[in-house]
Structure formats: C-alpha cells, structure tokens
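One letter stands for each residue in the lines below.
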Amino acid sequence: MKKNLFLFALVVVINAKRFEFSPSEVHLKRGVPVTIRLVSTDRKHGLSSKPLGLELDGNDEVTITPATAGTFHAICDHYCGAGHGNMKMTFVVE
Amino acid sequence: MNRRSFLRLSAASLGTGALLQFTPARASLSHFAMRNGEAPSPFSFVQLSDTHVGHPLGTSAFERAVDTVNALHSRPDFILFTGDLTHDSEEAGEHAKRMKRFKEIAGHLHVRKRFYVPGEHDAALDGGTLFREHFGDTHYSFDHRGVHFIGIDNVSEGKPLVGSEQIAWLRRDVARFPHTTPIVVFTHRPLFDLRPDWEWFTTDGDDVMNVLAPYDNVTILYGHIHREHHHTSGHARHHAARSLIFAFPDPAATEEKKPLPFDKEHPFRNLGIRQITAPALAVNDIELTAREISGTEGIQQLRKGGSL
C-alpha cells in the first residue's frame, strides 16, 4: 500500500509574472516525489534551482524527489525586464 | 607557472596607479611563431564591460573609462565590450536611442577596432534583433597577431544559454587550429557555475568548455557580475571584469545580490577597465579611481624614480 502512495506525485503550481512568483515559498518533504509546474501568466519566465534539479521555461513541469533537507532559492532565469534580477522564490525541504 | 611568469615585469607604483612594462620571454615568442605560422608581436587590448548606457546612475563612468583608455601608456590595438552595453527600456524607440548613445561615447575611444557581444540587457528581450542592427552578429571570431578571439553569445536566447547551434559553430571554428593556439573567448555571463542562485552561470557552459578543453591556452573574459573575479578550470582561465555603472558584492561573503552602495565621495570606486597584454595574455585590472601614468608625464615620472 505504501508503495502505491507515490504513484501520483503531488503537484505544486508556481505562477510567474513580472517580477514575482506565487507562492513565493513552498515546503516540500525530503524523499517525497513532487511535480513542480511553472505557469507563466504574462510573458515567458523560467524557474531554476540547480540543487533541486529545477530548470523550467515558460509553461513547463518536472517531477523531482528532494534528497536533502534545507532551504533552496530558485530564480527566474528567463530574462523578463528591469526587475528580473530580483525575481526569486524559496523552497524549504523538511 | 602563472600567467605573469611569461613576462619580465618592471613596475613603478605612483599613487594608486601602476605602469607595467613588459617584454615577452623569447622562448614563448618562438613557441607561438613555430606552432601557429604567424610571427607574433607583443600587443595589448582592453576589455570594457557593463556600461549600461541609459541606467539611472548615468554614463559618467563610461566616459571616464574612455578617457582612461585614451591615456594608457601602451595604446591598445582594440577594445572588447563584454555585454550590457545598454540598459534596456520597454518604451518604444528608447532602447535604440541608448544604443546610439553608447556608440557615440564608444566612438571617442582612440582605437581602430571595437568588438562587441551582447548582455541580457541588450538582447534578451528581442532575441538580439536591435543589437544586430547596431553591432552586427552576436557571435563570431577573428584572429589577431597569432591569437584567436571568439565572441560567444549566452544571452539572446532569453536564458543563460549558448545553444547547440552556436556550440556546433564553435566546434567547427576551433577545429582549424592546433591545440597550442592561444584562444581568447569573450562573452557576457560566466561559463561556469559561479553563483547559480544569482544567475551567475551559463546552463551549457560545460559544453562550451568541453569544446575548448583540448586547447592549451584558453582565456575567458566576461562581465555580468560587476566585479573582478578570477577562476581556473583545466587549461582555461576565467576573468570577470568590473562594470562601469555599479558593483555587486562578493558572492562568497553575502547571500543578497544587492549593488554596493553608491558613494558620492568616490563615485568611481569599484568600477574599472582591464588591459590585457599578449602573447602572455596577462590581465591588468585598473580601477577608475587609480591615477594613470601615461604618455610623456608617465615616462618622466618613471625616470625620476630611476626605473627606466
């Protein structure tokens, strides 16, 4: 039964618009698969966090299994204008 | 052996500035001449980066940099601009005006040639269309006195990316040269993971470096991070240049990527130019606050100091 529990991963939707992500902080469980879905609502954005293996662009998703507890920052890495450099969010893996 | 070991240096400090005189070691000259087929001769060039023309802080540092370059004792053969020439604007026509203004200021440089690659503020919003109208291709290569120069575009895809098409071009471009050929790559973003959570990386930078890995003498000159930084990977030396608008903090010392505070008393602190002397490709970073020794004045000052 426990084996089937993770057949369907949790889905976390991250909405991106200039120059913010919503939500700006997401809590994940270490070892639990989760699908991160990026929705760009005004123009194309990216969502990048190397330690978490996130490299999304536009409207895109990826399923990850966080291996390490900690706080990880993710950034928009698709240039979107003057405030792009401060467009970021946080993942907390517990 | 470090990069300066090729040179016999005599340096004389005056105030905060310094003039470096150099004579290439004969052994390295004959080596390059023998392997590359072109008789090399010493020369220098200058890297300027992140001028951000149109940024609210203005262009006075860029104008001062032009004066500094024009006063250099050793006149550079050319200038490499490593991106963010302009600060982008979404107001119709404004970005084009800024590119024209940039060209006006750059036109005061006393050099025959200027080479450009874009930064994200120049080319990421429109895929490089406006940049190409004003400056030509976003990636290309050329040869100068036995050194092969390659401009790499890692911004106009919108992301920190070079892309498979450009990497295939790079592979064809360098395949023409023996592995001993000195190569200088100039680009905007770092080609290694300097600080990914500050967007100080290029997603496929490793692929670029793998193409260059067989070459013995690779120098990467880049900007983007608005501070001096030096890094070595394999045979390659990576050098980030200061900007000409504002400085970012040390990424190893802080979590926040916030520009260092502007100091009215010292408006050019942490801003600067870079002179590179070939064939050793020795890097000399010069802060704009430094007093330059140049021309007749510099020679006289050196003579007084007994260094000539």
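If you're wondering where the values come from, they're calculated on a predicted model, not measured in any experiment. In this numbering scheme, every chain counts its residues from 1 along its sequence in written order. The lettering of chains begins at A and the numbering of ligands begins at 1, in the order of writing. Local features in this predicted model are restricted to residues of pLDDT 70 or higher, and side-chain atom pairs are both shown and tallied only at a pLDDT of 80 or more, whereas totals for entire chains, interfaces and linings draw on every residue. Side-chain measures were taken over the full set of non-hydrogen atoms in the model, leaving aside hydrogen atoms and water.

A. Structural view of the overall build of chain A. Within chain A, the secondary structure is distributed over zero helices and nine strands. When the helices and strands of chain A are placed in sequence order, the string is β-β-β-β-β-β-β-β-β. Just to be clear, the radius of gyration here is over C-alpha atoms, and the globule rule we use is 2.2 Å times residues to the power 0.38. Relative to the compact-globule value of 12 Å for 94 residues, chain A shows a C-alpha radius of gyration of 13 Å, a close match. Judged by the C-alpha coordinates and their principal axes, chain A covers about 50 × 25 × 20 Å. The buried label goes to any residue with under 20% of its type's maximum accessible area, the exposed label to any with over 50%, and the partly exposed label to all in between, with areas taken from a 1.4 Å probe on protein chains only. Counting only residues that meet the buried cut, chain A has 44% of its 94 residues in that class. In this description, contact between two residues means that some pair of their heavy atoms is separated by no more than 4.5 Å. Expressed as a percentage of contacts within chain A between residues at least 6 apart in sequence, the contacts between residues at least 24 apart total 62%. Note that accessible areas follow from Shrake-Rupley with a 1.4 Å probe, and for residues the cover is restricted to the protein chains shown. Accessible surface computed for chain A: about 5,100 Å², of which carbon and sulfur atoms make up 53%. Averaged over its 11 positive side-chain charges, chain A has a centre that lies 5 Å from the centre of its 9 negative ones. By definition, any uninterrupted DSSP run of H or I lasting at least four residues is a helix, any uninterrupted run of E lasting at least two residues is a strand, and each is numbered from the N terminus. Under the counting rule used here, the positive set is Lys and Arg, the negative set is Asp and Glu, and His together with the chain ends is not counted. Charge coordinates come from a single atom per side chain, which is NZ of Lys, CZ of Arg, CG of Asp or CD of Glu.

B. Representation of the pattern of salt bridges. One speaks of a salt bridge when a side-chain nitrogen belonging to Lys or Arg is within 4 Å of a carboxyl oxygen belonging to Asp or Glu. Using the criterion set out here, one finds 19 salt bridges over all chains in the structure. Between lysine 17 of chain A and glutamate 20 of chain A there is a salt bridge, and its shortest N-O distance comes to 3.8 Å. For lysine 17 of chain A, a relative accessible area of 41% corresponds to the partly exposed category. Notably, a salt bridge pairs arginine 189 of chain B with glutamate 199 of chain B, separated by 2.6 Å at the nearest N-O pair. Pair noted here: arginine 189 of chain B is in the loop between β8 (183-186) and α7 (205-212) and glutamate 199 of chain B is in the loop between β8 and α7, with a separation of 10 residues, a long-range link. Counted as one network, the salt bridges with shared partners bring together Asp57 and Asp77 of chain A together with Lys159 of chain B.

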